[in-house]
Amino acid sequence: MSYTAQLNEEFKDLSLQESFDTLLKMNFESIVFSTSFGQEDQVLTDIIFKSKYPIKIITLDTGRLFQATYKVHEEVLNKYNNSIVTYFPNQNEIEKLINQKGPNSFYASTENRKECCLIRKVKPLQRALKGADLWITGLRKEQSQRRQSVNLFEYDDAFGLIKFNPLANWTLNEIEEYLNKNEVPQNELHKQGYLSIGCEPCTRALKPGEDIRAGRWWWEQSKKECGLHLN
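Given the structure is predicted, the values throughout are model-derived calculations rather than measurements.

By secondary structure assignment, the location of Ser 196 is in the segment after helix H7 (172-181). Owing to a relative accessible area of 10%, Ser 196 belongs among the buried residues under this scheme. Along the backbone, Ser 196 and Ser 15 are 181 residues apart, and their C-alpha atoms lie at a distance of 25 Å. Apart from the residues within four sequence positions on either side, Ser 196 is in contact with Thr 203, Ile 212, Arg 213 and Arg 216. In terms of polar contacts, Ser 196 uses its side chain to reach the side chain of Arg 216, at 2.7 Å.

What follows is the structure in structure tokens.
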């Protein structure tokens, strides 16, 4: 049995709080949680900050985010009086991309869109995860068909470390109940039909019956991923 399989077996019946308490008794030396201030991420931010867990919280500022995302970022800082480390894209790479292809090249092709995501998201995350041995995310099985296979623990080949998805088996109702009960700041766009929120030009509100990630890169018939997660 692989190490991640052992972890999945050990953690499968633990509550969220128990999972974090158990995790911090293990031999992980540098744990990083990446937030984009979505609903799942807000649950994890709340428990990390309230419990004072020694976990570094980071976020990626792509330069194309919604103002509502910056607003909830500010609300989180004020509520918990704690810090979140922000990573930005490389200035030279952004300037080269815009000068050569214009500001909205991502609409032209999937290849162009992935190039933009690589510069604005994937490379900054590589820097953010450098030296970490565990990456915590807000991935859930219910988020899309492709994410049905998400486990609590997985080895991420792209970033070369173990990934912990503590909310993998939570439902959206459970997420919302936690947020409301604990009065956690939420992005106001969620009430306007935006369940998965990324960059402003690449995100639209959902239509009735669509899955949670259908509003991302809606003009593409693609896997609806930016390269941060392969599922």
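Moving on: the packing of aromatic side chains. Both the distance between ring centres and the angle between the ring planes are used here to describe each pair of aromatic rings. Across all of its chains, the model carries 13 aromatic pairs by this definition. On the basis of an interplanar angle of 40 degrees and a centroid distance of 6.4 Å, the ring pair of Phe 106 and Trp 219 is categorised as tilted. With Phe 106 in the loop between helix H5 (91-101) and helix H6 (110-129) and Trp 219 in the segment after H7, this residue pair connects regions lying 113 residues apart in the sequence. Residue Phe 106 is classed as buried on the basis of its relative accessible area, which comes to 3%.

This part covers the pattern of salt bridges. Evaluated as defined, the whole model comprises nine salt bridges. Its salt-bridge partner being Lys 50, residue Asp 46 comes within 3.1 Å of it at the nearest N-O pair. With a gap of four residues between them, Asp 46 and Lys 50 both fall in helix H3 (residues 39-50), about one helical turn apart. Of the residues examined, Lys 50 reaches a relative accessible area of 45% and is grouped as partly exposed. A salt bridge links Arg 204 to Glu 210; its shortest N-O distance comes to 2.9 Å. Given a relative accessible area of 17%, Arg 204 falls into the buried group.

Turning our attention to unusual backbone geometry. Despite not being glycine, Lys 52 has its phi angle at roughly 55 degrees, a positive value. With respect to the helices and strands, Lys 52 occurs in the loop between H3 and strand E2 (56-60). Phi is positive for Asn 81, close to 50 degrees, though the residue is something other than glycine. Tracing the sequence through the fold places Asn 81 in the loop between helix H4 (67-80) and strand E3 (85-87). For Asn 81, a relative accessible area of 70% corresponds to the exposed category.

The tally for this structure, following the rule as stated, stands at zero disulfides. No disulfide involves Cys 202; its sulfur sits 5.8 Å from that of Cys 199, the nearest cysteine. A residue is classified by how much of its surface remains accessible, and Cys 202, at 9% relative accessible area, is buried.

Here we take up the environment of Glu 9. Assignment of secondary structure puts Glu 9 in helix H1 (residues 3-11). Separated by 145 residues in the primary sequence, Glu 9 and Glu 154 have C-alpha atoms spaced 12 Å apart. Here the side chain of Glu 9 touches Lys 12 through a polar contact of 2.9 Å, side chain to side chain.

Cut-offs used in this document
Per-chain numbering applies: the sequence of each chain, read as written, is numbered from 1 onward. Totals for whole chains, interfaces and linings use every residue, but because this is a predicted model, local features are given only for residues with pLDDT of at least 70 and side-chain atom pairs only at 80 or more, for both listing and counting. Side-chain metrics in this entry use all non-hydrogen atoms of the structure; hydrogen atoms and water are not considered. Helix and strand labels come from DSSP, where a helix needs a run of H or I of at least four residues and a strand needs a run of E of at least two; each type is numbered from the N terminus. When a residue's accessible area, from a 1.4 Å probe over protein chains only, is under 20% of the maximum for its type it is buried; when over 50% it is exposed; and in between it is partly exposed. Residues count as neighbours in contact if any of their non-hydrogen atoms are within 4.5 Å of one another. Whenever two N or O atoms come within 3.5 Å, that pair is a polar contact, provided that in protein one can donate a hydrogen and the other can accept it, and provided that, for residues adjacent in sequence, both atoms are side-chain atoms. The aromatic pairing rule takes the rings of Phe, Tyr and Trp, using the six-membered ring of Trp, and pairs them if the centres are within 6.5 Å, calling planes under 30 degrees apart stacked, those over 60 edge-to-face and the rest tilted. When a carboxyl oxygen of Asp or Glu lies within 4 Å of a side-chain nitrogen of Lys or Arg, that pair is called a salt bridge. We call a pair of cysteine sulfur atoms a disulfide whenever their separation is within 2.5 Å.

By themselves these figures say nothing about function.
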